[in-house]
Amino acid sequence: MKRYNTHTLALCALIVILLVLIVFAPSYGWNIRRFLTPNSGPPPDEASLAAENESLKAEVAKLQRIAGEVSRKPISYISAVVYSRYPLNFKNELLIDAGKNEGVHEGSAAVFGGIFSGIVRQAFADTALVQTIFDNGLKIPVRIGARGYDGLLQGGPSPTVRSIAESAAVAKGDIIYTAAPGIPYGLPVGEVVATSTSADGLFQEASLSVAYNVDDIQAISIAP
Amino acid sequence: MKIFRLLVGVLILLVSLAAQEWLAFFHIAVNLVLATLIASSFYFDILETVLLALVGIFLMNWQPAPSIELGLFIVLPLGAWTLHRVVRWQPWTGAILTIGTGIVLFYLALAPRFFVGNLPLILTDLCASLLAGSFAFSLFTRTAH
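Residues numbered from 1 in each chain as written. Chains lettered and ligands numbered in written order. Predicted model: local features only at pLDDT ≥ 70, side-chain atom pairs only at ≥ 80, totals over all residues. Heavy atoms only, no water.

Caption draft 1: Geometry of the overall build of chain A. What chain A contains, in helices and strands, is 3 helices and 12 strands. Taking all 224 residues of chain A together, 46% fall into the buried category. Once local pairs closer than 6 in sequence are excluded, the contacts in chain A between residues at least 24 apart make up 57%. Counting only carbon and sulfur atoms, one obtains 57% of the accessible surface of chain A, whose full area is about 11100 Å². (Helix = DSSP H or I, 4+ residues; strand = E, 2+ residues; numbered from the N terminus. Buried < 20%, exposed > 50% of the residue type's maximum accessible area, 1.4 Å probe, protein only. Contact = heavy atoms within 4.5 Å. Areas by Shrake-Rupley, 256 points an atom, 1.4 Å probe, with all protein chains shown as cover.)

Caption draft 2: Local environment of the packing of helix α2 (residues 27-36) of chain A against helix α1 (residues 2-25) of chain B. α1(B) packs onto α2(A) with a crossing angle of 60° between their chain directions and a minimal axis gap of 9 Å. Classified by the interaxial angle, the pair formed by α2(A) and α1(B) is oblique. Here α2(A) runs over α1(B); the crossing is right-handed. Across the interface between the two elements, I32(A), R33(A) and L36(A) of α2(A) pack against L14(B), L17(B), A18(B), E21(B) and W22(B) of α1(B). Looking at the contact of α2(A) with α1(B), its residues break down into 6 nonpolar, no polar and 2 charged. (Axes fitted to C-alpha atoms, helices over the stretch in contact; angles between N-to-C directions. Parallel < 35°, antiparallel > 145°, perpendicular 65-115°, else oblique. Left-handed = near helix turned anticlockwise from the far one by under 90°. Nonpolar A, V, L, I, M, F, W, Y, C, P; charged D, E, K, R; others polar.)

Caption draft 3: How the structure looks around α1(B). Residue and element names in this part refer to chain B. Across its 24 residues, α1 extends 35 Å between first and last C-alpha, which sits within 8% of the 34 Å expected from 1.5 Å per residue. Considered for burial, the residues of α1 that qualify are R5, L6, V8, G9, I12, L13, S16, L17, A18, Q20 and E21. Count one or two residues on from α1 and you reach H27, which has phi positive near 60°. (Expected span 1.5 Å × (residues − 1).)

Caption draft 4: Structural detail: unusual backbone geometry. At S163(A), a position not held by glycine, the phi torsion is positive, near 55°. With respect to the helices, strands and loops of the structure, S163(A) is situated in strand β8 (residues 160-165). One non-glycine residue, H27(B), lies in the positive phi region at around 60°. Mapping H27(B) onto the fold places it in the loop between α1 and α2 (32-40).

Caption draft 5: A look at the pairing of strand β9 (residues 175-178) of chain A. Residue and element names in this part refer to chain A. In β9, alternate side chains face the same way, and those of I175 and Y177 on one face and I176 and T178 on the other are all buried. Here 3 bridges tie strand β6 (residues 139-144) to β9, and the two strands are oriented antiparallel to one another. Residue I144 lies in a different strand from β9, and its bridge partner there is I176. Bridging between β9 and strand β10 (residues 188-197) involves 3 bridges; their strand directions are antiparallel. Along β10, the bridge assignment pairs I175 with E191. (Pairing = 2+ DSSP bridges.)

Caption draft 6: Geometry of the interface of chain B and chain A. With 36 residues of chain B at the interface, the matching set in chain A holds 39 residues. For the pair chain B and chain A, the summed buried surface comes to about 3400 Å²; carbon and sulfur atoms form 74% of the total. The tally of links between chain B and chain A comes to 2 salt bridges. When the shortest N-O distance is used, the salt bridge between E21(B) and R33(A) registers 3.1 Å. Linking chain B with chain A are 8 residue pairs in polar contact (both at pLDDT 80 or more), by the criterion used here. (Buried area = accessible area lost by both parts, 1.4 Å probe. Salt bridge = Lys/Arg side-chain N within 4 Å of Asp/Glu carboxyl O. Polar contact = N/O pair within 3.5 Å; in protein donor to acceptor, adjacent residues only side chain to side chain.)

Written out as structure tokens, the structure reads:
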């Protein structure tokens, strides 16, 4: 009987310790999970070159479209390390080690290798949750190509740009860049790989290629 | 002996998490930790089940805030534990039925629309979870004797 009580008390103590860890020190859990997660290593050179190429294309498109109208003030990014990732398949989110105390706020743009990667969905004191473009819930206005056709980026495992005017001359290889309030204008998102007509026949849709693998993201920059 | 069983439980949970992370790396999203927790509820008492569920939550948590997802990691194993005490079914049948139902309920509770649009993904998860849960169940059976 006495042994049973000792076992019960030990279990209760362990439960309390775990509750304290979950509430006050979740970073230990993140570190254990990160230790068990395979590391893809640095992105290959081709990915870096593709990202650089997309950045340059976006810059050219931006300059052709709005030369002289947009402030050329450089953006001072906040660097952050990825602590953990959403572990299930409903969302695609990253937890980063910069939060309100570092100047990160909800709606800030997250950039990886110069490419727009997502939006800060929730900012905590020293951490923040980034909703990536691979999350079904992400929707932001974008522009396409040198003519700057408007579209709506719909996140998901295969992100697409929707609501493109039927008359827009969107072609394969056109750069897609950000045009949303609260996000620096002209951040590259990806390149058009194919276009199609929407189910209702009123708009065009474009599927895009992204110059990085979301699993490669170990560090990210936040535009405050 | 009870502590040894509990340590084995934690170890199996860690192996499930590692397997889940490796599969996720290859873009195969599965819920092996939840399946293992449900399987464990057949062999542990209520406090041990709660403890293992909290270990699972501690390892799976991805943000410094509560979430419905992780709330289900304690509700479903406890539901399975209760069901197992009420329905006196054959252990293997009960385990497989409970793991399968648990995974389906998890998807239905969190994202019913996701359930409709991603049936192949969910079937993959269901198969992998049943396999992992059965494996965990057989290991728990061996350590119980």
